[in-house]
Amino acid sequence: MNSSRVISTTVILLCFLVASVATLGSLFFSEIMNFVPCSMCWYQRIFMYPLVLIFLINLLYPDDKLFKYSMPLVTTGLFFSIYHNLLMFDIIPESVVPCVSGVPCSTEYINWFGFVTIPLLSFIAYFMLFIFLVLGRRRY
Amino acid sequence: MKNKKVVIFTLLLLVVGFIAAITVYQNSVDSKNQELMAGKNGAPFVRNHSPSFGENKDNVIITEFLDPECEACSAFHPIIKEVFNDYKLETKLVIRYLANHQNSKFAVRLLEAARVQNKYNEALEIMFKYQEKWAKHHNTKPELLWEFLPEAGLDMAKLKADFENNDIDEMLSLDRKDASTLGVRGTPSFFVNGKKLRELSHKALLDLVESEIYK
């Protein structure tokens, strides 16, 4: 293993898995199940999709800067997903949702076990990435 | 280099898993749709209000979600026409509407008025033939249809009267509801005995229709 590496390879592989599953999952919802993504979903996609490639490239060509360029994407996406979940739980009222076209951001497409919605899945993915990157860095 | 192997393996696993998930999901949708097709007179694929054609001797129902103002519908029209003409004894073609464009509703009302005179297909043909003229982007001129439609051999006075009297709101809203039940958002969309046509091509449509006829 590369000694200058700050985050361990295993953690990066985990991050890559989380980002990939989130990406493929969101594509499954929109392309296969035909759910129309709302604008909040698009913002979260924008910050999740590049992470797949960033983690992948770092796994193939390791360097010690991964934290620096993945964290801004993760925190921005995390911010959007927190906001989106607050909308879903009615903590922020619908009227301030910045949605103009098509689907309102509080549309509930799936509801597994009574509480698992797509925005919650997104939040879990971002939160896992955040934790992995922060803890993965210290542990080394 | 051990890392790279693990990474490539993971990548492959993700892709294979994704494709497997798609296959499983689509099969489950198809079997659910076939169950729907078998019960309640074929609803939500078939409704009594819908225009339908063909003898249906082999009990093969082709459902098309259509919008007269949609370019893809116009482009695909010769293909469905050809396939259906070959098998109009064996199958039934049911037309459902998804009025997604600005003047779709207007055009559908005209189509339904033409249906009263048994000139539905002729009118649809004319609408598609001149679609570029009356449905030009950002400059639609639906009123031009009145000038084009006599070419379909319609009694225009009667067409006008039927157009003014017909009320298609209920029909359109039920069609839209069924479309959303079936996950249909765009036109043209086809189902053959409840099986979704996943690729808009002559070969794919013909294969699907024949697989249902010679089952």
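1. Structural notes on the packing of helix α2 (residues 71-86) of chain B against helix α4 (residues 120-129) of chain B
All names here are of chain B.
Now for step 1: For the pair α2 and α4, interaxial distance at closest approach is 9 Å and the crossing angle is 140°. Classed by the angle they form, the pair α2 and α4 counts as oblique. Along this stretch, α2 crosses α4, giving a crossing that reads as left-handed. Seen from α2, the contacting residues are Cys73, Ser74, His77 and Lys81; seen from α4, they are Leu124, Glu125 and Phe128.
Now for step 2: A class-by-class count of the residues in the contact of α2 with α4 yields three nonpolar, two polar and two charged.

2. Structural notes on the pairing of strand β3 (residues 91-97) of chain B
All names here are of chain B.
Now for step 1: Most of β3 sits out of view: six of its seven residues are buried.
Now for step 2: In the sheet, strand β1 (residues 52-53) pairs with β3 via two bridges, with the strands oriented antiparallel. Each residue of the ladder has a partner; that of Ser52, found in β3, is Val94.
Now for step 3: Where the polypeptide runs from strand β2 (residues 60-66) across α2 and back to β3, its parallel neighbour, the crossover connection is right-handed.

3. Points about the interface of chain A and chain B
Now for step 1: Facing the 18 residues of chain A at the interface are 14 residues of chain B.
Now for step 2: Both sides of the chain A and chain B interface together cover about 1,500 Å² of buried area, and 79% of this is carbon and sulfur.
Now for step 3: Inspection of the region where chain A meets chain B yields zero salt bridges.
Now for step 4: The interface formed by chain A and chain B holds one residue pair in polar contact (both at pLDDT 80 or more) in total.
Now for step 5: Sorting the residues of the side of chain A that touches chain B by element identifies α1 (9-32) and α2 (39-60) of chain A as the ones contributing at least two each.
Now for step 6: It is α1 of chain A that provides the largest number of residues to the side of chain A that touches chain B, a total of 10 residues.
Now for step 7: Class assignment for the residues of the side of chain A that touches chain B results in 15 nonpolar, three polar and no charged.

4. Quick word on helix α8 (residues 169-181) of chain B
All names here are of chain B.
Now for step 1: In this model α8 runs 18 Å from its N-terminal to its C-terminal C-alpha over 13 residues, within 8% of the 18 Å that 1.5 Å per residue would give.
Now for step 2: Those residues of α8 not exposed but buried are Met171, Leu172, Asp175, Asp178 and Ala179. Across the axial projection of α8, the buried residues extend over an arc of 130°, all falling on one side. Turned more than 90 degrees away from the buried face of α8, the exposed residues are Glu170, Lys177 and Ser180.
Now for step 3: Against β2, β3 and α3 (104-116) lie the buried residues of α8.

5. Observations regarding the nonpolar core
Now for step 1: Counting residues in hydrophobic clusters, the biggest one holds 49 residues, and the most contacted among them are Tyr97, Trp134, Leu149 and Val209 of chain B.
Now for step 2: In this view, Leu149 of chain B contacts Leu110, Ala123, Ile126, Leu154, Met156 and Leu159 of chain B; residues no more than four positions away in its chain are not counted.
Now for step 3: Ranked by size, the runner-up nonpolar core spans 33 residues in total, among them Leu13, Phe16, Cys41 and Leu66 of chain A.

6. Description of unusual backbone geometry
All names here are of chain B.
Now for step 1: In the segment running from Thr187 into Pro188, the intervening peptide bond is cis, with an omega of -10°.
Now for step 2: Of note in the backbone geometry, Asn59 takes a positive phi value of approximately 55° without being a glycine.
Now for step 3: Here Asn59 lies in the loop between β1 and β2.
Now for step 4: Positive phi, normally seen in glycine, also occurs at Asn193, with a value near 50°.
Now for step 5: Assignment of secondary structure puts Asn193 in the loop between β4 (189-192) and β5 (195-196).

7. Thoughts on the packing of aromatic side chains
Now for step 1: Applying the stated criterion across every chain yields a total of 15 aromatic pairs over all chains.
Now for step 2: Centroid distance Phe28 of chain A to Phe18 of chain B: 6.3 Å. Interplanar angle 70°. Geometry classified as edge-to-face. With Phe28 of chain A in helix α1 and Phe18 of chain B in helix α1 (residues 2-38), this residue pair bridges two chains.
Now for step 3: The exposure class of Phe28 of chain A is buried, given its relative accessible area of 13%.
Now for step 4: Taken together, a centroid distance of 5.6 Å and an interplanar angle of 20° make the contact between Phe123 of chain A and Phe127 of chain A stacked. With a gap of four residues between them, Phe123 of chain A and Phe127 of chain A both fall in helix α4 (residues 118-139), about one helical turn apart.

Basis of the calculations
- Residues numbered from 1 in each chain as written.
- Chains lettered and ligands numbered in written order.
- Predicted model: local features only at pLDDT ≥ 70, side-chain atom pairs only at ≥ 80, totals over all residues.
- Heavy atoms only, no water.
- Axes fitted to C-alpha atoms, helices over the stretch in contact; angles between N-to-C directions.
- Helix = DSSP H or I, 4+ residues; strand = E, 2+ residues; numbered from the N terminus.
- Parallel < 35°, antiparallel > 145°, perpendicular 65-115°, else oblique.
- Left-handed = near helix turned anticlockwise from the far one by under 90°.
- Contact = heavy atoms within 4.5 Å.
- Nonpolar A, V, L, I, M, F, W, Y, C, P; charged D, E, K, R; others polar.
- Buried < 20%, exposed > 50% of the residue type's maximum accessible area, 1.4 Å probe, protein only.
- Pairing = 2+ DSSP bridges.
- Right-handed = clockwise from strand over helix to strand, strands pointing away.
- Buried area = accessible area lost by both parts, 1.4 Å probe.
- Salt bridge = Lys/Arg side-chain N within 4 Å of Asp/Glu carboxyl O.
- Polar contact = N/O pair within 3.5 Å; in protein donor to acceptor, adjacent residues only side chain to side chain.
- Expected span 1.5 Å × (residues − 1).
- Arc of directions from axis to C-beta.
- Core = buried A, V, L, I, M, F, W, Y, C linked by side-chain atoms within 4.5 Å.
- Phe/Tyr/Trp six-rings, centres within 6.5 Å; stacked < 30°, edge-to-face > 60°.

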